[in-house]
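Residue-level structural notes
Here is what each chain is made of, one letter per residue.
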Amino acid sequence: MDASSGPVIALSGGVGGAKLVLGLYRILPPDTLTVVANTGDDFEHLGLTVCPDLDTLLYTLSGQANPELGWGRADETWTFMAALQRLGGETWFRLGDGDLATHVERTRRLAGGESLSAVIDSFRRRLGIGARLLPMSDDAVRTRLETDRGALDFQDYFVRLRCEPAVRRLHFAGSETARPHPEAIAALAHPALRAVVICPSNPFISIDPILAVPGMRDTLRASKAPVVAVSPIIGGQAVKGPTAKMMAELGLPVDATTVAHRYADFLDVYVADEADADAVAGLDMPVVLGPTLMQTLEGRERLASLVLETADRVRK
Ligand code: GDP
């Protein structure tokens with residue numbers, strides 16, 4: 001098989017990562033793409049299992065994502081939330097009516113004994129998504145944060161407190177005993193693998209939980225395929241979300257090099273924005289500069305092409 005037609009794996013969180021995943025999905029034969037998603041943001045809410053990153057990927061790849069909100073579904077209605085509010089229920093985490101169907105159906109099937117990956121695989125097929133979409137593990141891993149306001153569950157920090165508390169330390173509860181999804185490990189070890197793409201997701205809360213699942217990091221290190229990461233920092237700032245704020249709170253330099261250093265043990269090449277040329281000049285690894293802000297569909301496809309061309313060039 002020609003190297004440039006081999007399978008591609010992307011490690012992704014939600015919104016930022018899903019933009020590049022969509023670009024990859026649009027330029028690759030769909031069945032060559034496998035996405036391994038963070039589940040550290042998952043939580044139980046109103047009796048339902050909610051998987052924000054997997055659902056963002058499902059909605060993005062099936063053309064249902066809400067471009068204004070940056071999460072949830074387009075053309076959503078909010079009758080359930082309004083009714084819940086009238087009853088005095090918890091409304092800090094907003095669930096649209098259509099989105100609710102995803103959580104209700106997932107929860108019902110999990111309670112019936114299906115694995116999370118089986119449920120997600122069935123959803124993505126029903127939604128016409130040709131790429132594989134895998135949770136990093138079928139075992140529960142939950143991101144918890146130690147902050148200046150005490151220990152917090154991820155969604156308490158992220159949604160209820162809008163990332164305001166200063167983060168001191170992160171912990172991925174359950175990661176010590178979680179088993180990586182076997183298909184993710186098999187895909188990473190595939191002899192014809194073309195590239196592993198670390199999407200421009202938050203390194204602390206989207207990519208680190210995936211790397212914390214035993215076996216993931218070692219398999220990446222051992223991978224024969226080029227591992228390419230895209231910087232989530234552009235011009236020394238996060239495009240969105242708490243990435244830069246967390247870097248500062250954790251005492252790390254707030255620039256694109258911090259992300260490269262976190263992945264240095266398995267990374268073959270780093271794609272950084274042209275705006276960060278000076279910041280990354282001293283990095284002790286191959287760096288490719290390009291326009292990495294994905295504001296349009298073409299921007300997503302352009303960055304996806306750059307990432308794959310870069311992987312093909314550094315192929316071992
Ligand atoms: P997630 O971590 O993938 O769930 O998504 P977030 O929306 O929380 O964003 C995470 C990171 O993605 C942030 O550090 C953003 O700066 C980065 N990001 C968002 N959009 C873009 C983009 O268009 N280009 C690049 N390079 N990074 C982006």
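Here is a short report on the structure shown in this document.

The rules behind each value
- Residues numbered from 1 in each chain as written.
- Predicted model: local features only at pLDDT ≥ 70, side-chain atom pairs only at ≥ 80, totals over all residues.
- Heavy atoms only, no water.
- Near = heavy atom within 4 Å.
- Polar contact = N/O pair within 3.5 Å; in protein donor to acceptor, adjacent residues only side chain to side chain.
- Areas by Shrake-Rupley, 256 points an atom, 1.4 Å probe, with all protein chains shown as cover.
- 1 Å grid on protein atoms, 1.4 Å probe; cavity = no way out; pocket = protein on both sides within 12 Å on 5 of 7 lines; lining within 4 Å.
- Sits in = over half its atoms within 2 Å of the grid points.
- Helix = DSSP H or I, 4+ residues; strand = E, 2+ residues; numbered from the N terminus.
- Nonpolar A, V, L, I, M, F, W, Y, C, P; charged D, E, K, R; others polar.
- Points joined across faces, edges and corners; volume = space filled by probe spheres on them.
- Buried < 20%, exposed > 50% of the residue type's maximum accessible area, 1.4 Å probe, protein only.
- Pairing = 2+ DSSP bridges.
- Axes fitted to C-alpha atoms, helices over the stretch in contact; angles between N-to-C directions.
- Contact = heavy atoms within 4.5 Å.
- Salt bridge = Lys/Arg side-chain N within 4 Å of Asp/Glu carboxyl O.

Looking now at the site of the ligand. What surrounds the ligand is a group of 20 residues, the closest being Gly14, Pro200, Ser201, Val239 and Thr243. Serine 231 has a polar backbone atom sitting 2.9 Å from a nitrogen atom of the ligand. A distance of 2.7 Å is found between a nitrogen atom of the ligand and a backbone nitrogen or oxygen belonging to threonine 292. Protein chains bury 97% of the 580 Å² of accessible surface belonging to the ligand in isolation. Given that more than half its atoms are within 2 Å of the pocket grid, the ligand belongs to the largest pocket. For the shell around the ligand, the element with the most residues is helix 1 (residues 15-27), which contributes four residues. The residue inventory of the shell around the ligand, partitioned by class, reads eight nonpolar, ten polar and two charged.

For the rest of this paragraph, the subject is the layout of surface pockets. A volume near 1000 Å³ is recorded for the largest pocket. Together, 45 residues line the largest pocket, and Val15, Gly70, Trp71, Phe158 and Lys240 are the ones closest to its centre. Mapped by element, the contributors of at least two residues to the lining of the largest pocket are helix 1, helix 2 (52-61), helix 4 (97-111), helix 6 (154-160) and helix 8 (203-212). Split by residue class, the lining of the largest pocket holds 21 nonpolar, 15 polar and nine charged. Each pocket or cavity is described by its volume, and for the second largest pocket that value is around 380 Å³. In terms of lining residues, the second largest pocket is bounded by 18 residues, among which Thr60, Ala65, Asn66, Pro67 and Arg300 are the most central. Listed by contribution, the elements that provide at least two residues to the lining of the second largest pocket are helix 1 and helix 2.

Of note, arginine 162 is a non-glycine position whose phi angle comes to about 45°, a positive value. Following the sequence through the fold, arginine 162 ends up in the loop between helix 6 and strand 8 (167-173). With a phi angle near 60°, cysteine 163 is a residue other than glycine that sits in the positive phi range. For cysteine 163, the location among the structural elements is in the loop between helix 6 and strand 8. Its relative accessible area of 11% is what places cysteine 163 among the buried residues.

What follows is about the sheet that holds strand 6 (residues 142-147). If you trace the three strands from one edge of the open sheet to the other, you get 7-6-8, paired in antiparallel fashion. Each edge of the open sheet carries a strand with a single partner, namely strand 7 (150-153) and strand 8. With strand direction ignored, the average angle separating the axes of adjacent strands in the sheet is 25°. Here six bridges tie strand 6 to strand 8, and the two strands are oriented antiparallel to one another. Within strand 8, the position partnered with arginine 142 by the bridge is alanine 173. Against the sheet, helix 8 touches strand 6 and strand 8, its axis set at about 40° to strand 8.

As summarised here, the arrangement of the seven strands in space is 5-2-1-9-10-13-14, forming an open sheet in which the pairing is parallel. Strand pairing shows two members of the sheet lacking a second neighbour, strand 5 (132-135) and strand 14 (287-290), which therefore form its edges. Pairs of neighbouring strands in the sheet enclose a mean axial angle of 20°, with direction left out of account. In the packing of helix 13 (residues 297-314) onto the sheet, the strands contacted are strand 1 (8-12), strand 9 (195-198), strand 10 (227-230), strand 13 (269-273) and strand 14, and the crossing angle to strand 13 comes to about 150°.

Scanning the entire structure with this criterion turns up 23 salt bridges. Arginine 124 is the salt-bridge partner of aspartate 121, the closest N and O atoms lying 2.9 Å from each other. Residue aspartate 121 and its partner arginine 124 are both found in helix 5 (residues 116-126); the two are separated by three residues, about one turn of the helix. Both residues of the pair, aspartate 121 and arginine 124, belong to the buried class. Across the salt bridge formed by arginine 144 and aspartate 153, the nearest N and O atoms sit 2.6 Å from each other. Using a relative accessible area of 39% as the deciding quantity, one classes aspartate 153 as partly exposed.

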